[in-house]
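# Examining the three-dimensional arrangement
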Amino acid sequence: MQVTLVNYTPNPELTIVAAARSSASQSTIEELWHNLSPQQIDDLLKQLLDSGHLSPFEHSSFTFNIQGISRATSHQLVRHRLASYTQQSQRYVALKERRYVTPPTITKQADFLAKYQRAMESAHELYSQMLEANIPAEDARYVLPQAVETQLVMTMNARELVHACSLRLCLRAQWEIVELFERLKAEVERVAPRLGAELKPKCYRLGYCDERESCGIFPTLKSETKTK
Ligand SMILES: Cc1cc2nc3c(=O)[nH]c(=O)nc-3n(C[C@H](O)[C@H](O)[C@H](O)COP(=O)(O)OP(=O)(O)OC[C@H]3O[C@@H](n4cnc5c(N)ncnc54)[C@H](O)[C@@H]3O)c2cc1C
């Protein structure tokens, strides 16, 4: 899996904070822009998140190139509706390389790994044969597994990044999408370290786990009440 930040709003943290400040000020965003210290930016970002004043986060957007994730994971990703996606088409692009994702639980079991690899090869073989027989790629693709690799471009604003990370960095989410969001977070941290640090699983903000079972970082409310 490869995740690269290819474009983003310049000064993404300042943009959010100056926009937020302008809502309660006589000054314009341009005037506020030059008068905010790094400490004020830090404090204001936290305040906005704590108070749930999240609309200013919509002013900063991030565009990522995402490669080598499975279709199983891209399907989960695009459920986040408040983002823009452009995914490589399986209608217009014939998949010449046999690239697929293997979950670590399967890699660990030699017997199943061999069977899994054979199943992938066999699906890809049939796919290639159908293309050679002039069956259109849009139809031949029906035989491809969910493991097949895909690539896409995604643009997400900071508000949706905070929200999606709260769900997808949770260790109860599926491993591949957790890894994807860890990489998205790392890319944001490179250019916006304060904002990046605020991309965290929901339990860090709640102070407890709201899943049925906790991963161990925070207890569920139920287990907390039991111990009291
Ligand atoms: C661990 C996990 C397991 C999951 N399992 C399943 C599953 O088994 N089956 C399944 O179908 N899905 C599953 N999902 C997907 C989940 O139901 C959501 O579709 C996905 O997480 C997108 O998040 P979201 O709904 O918050 O919306 P986003 O698209 O990220 O939108 C962000 C926020 O905008 C608001 N919003 C967006 N669109 C609307 C709208 N039309 N109306 C009102 N408010 C809106 C909501 O407040 C929403 O929270 C799972 C997700 C996770 C994290």
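Here is a short report on the structure shown in this document. (Residues numbered from 1 in each chain as written. Predicted model: local features only at pLDDT ≥ 70, side-chain atom pairs only at ≥ 80, totals over all residues. Heavy atoms only, no water.)

What follows is about unusual backbone geometry. Glycine aside, the phi torsion of most residues is negative, and most peptide linkages are trans. Residues other than glycine seldom take positive phi values, yet asparagine 11 does so here, at roughly 45°. Position of asparagine 11 among the secondary structure elements: in the loop between β1 (2-8) and α1 (12-22). Unlike most non-glycine residues, asparagine 134 shows phi in positive territory, near 65°. Of note, asparagine 134 is situated in the loop between α6 (110-132) and α7 (137-140). On the basis of relative accessibility, which here comes to 69%, the residue asparagine 134 falls in the exposed class. (Helix = DSSP H or I, 4+ residues; strand = E, 2+ residues; numbered from the N terminus. Buried < 20%, exposed > 50% of the residue type's maximum accessible area, 1.4 Å probe, protein only.)

Looking now at the pairing of strand β2 (residues 61-70). Across the ten residues that make up β2, a large majority, seven, are buried. As paired strands, β1 and β2 are joined by six bridges and run antiparallel to one another. Residue pairing across strands places threonine 4 opposite asparagine 65, the latter belonging to β2. Where β2 meets strand β4 (residues 149-157), nine bridges bridge the pair, whose relative direction is antiparallel. Within the sheet, the bridge partner assigned to asparagine 65 lies in β4 and is valine 153. (Pairing = 2+ DSSP bridges.)

This part takes up the packing of α1 against helix α3 (residues 38-51). Relative to each other, α1 and α3 sit at 70°, their axes nearing to 10 Å. Classed by the angle they form, the pair α1 and α3 counts as roughly perpendicular. Our pair here, α1 against α3, has a crossing hand that is left-handed. Residues Glu13, Leu14, Ile16, Val17, Ala20 and Arg21 of α1 form the contact with α3, whose participating residues are Gln40, Ile41, Leu44, Leu45 and Leu48. For the contact of α1 with α3, the per-class residue count stands at eight nonpolar, one polar and two charged. (Axes fitted to C-alpha atoms, helices over the stretch in contact; angles between N-to-C directions. Parallel < 35°, antiparallel > 145°, perpendicular 65-115°, else oblique. Left-handed = near helix turned anticlockwise from the far one by under 90°. Contact = heavy atoms within 4.5 Å. Nonpolar A, V, L, I, M, F, W, Y, C, P; charged D, E, K, R; others polar.)

Another aspect to go through is the sheet that holds β2. On the basis of which strands lie adjacent, the open sheet formed by four strands has the order β1-β2-β4-β3 and antiparallel pairing. Each end of this open sheet is capped by a strand with a single partner; those strands are β1 and β3 (83-87). Within this sheet the neighbouring strands show an average axis-to-axis angle of 20°, counted without direction. Strands in contact with helix α8 (residues 158-168) are β2 and β4; relative to β4, the strand with the most contacts, it is inclined by about 120°.

As far as function goes, none of this settles anything; it's purely spatial.
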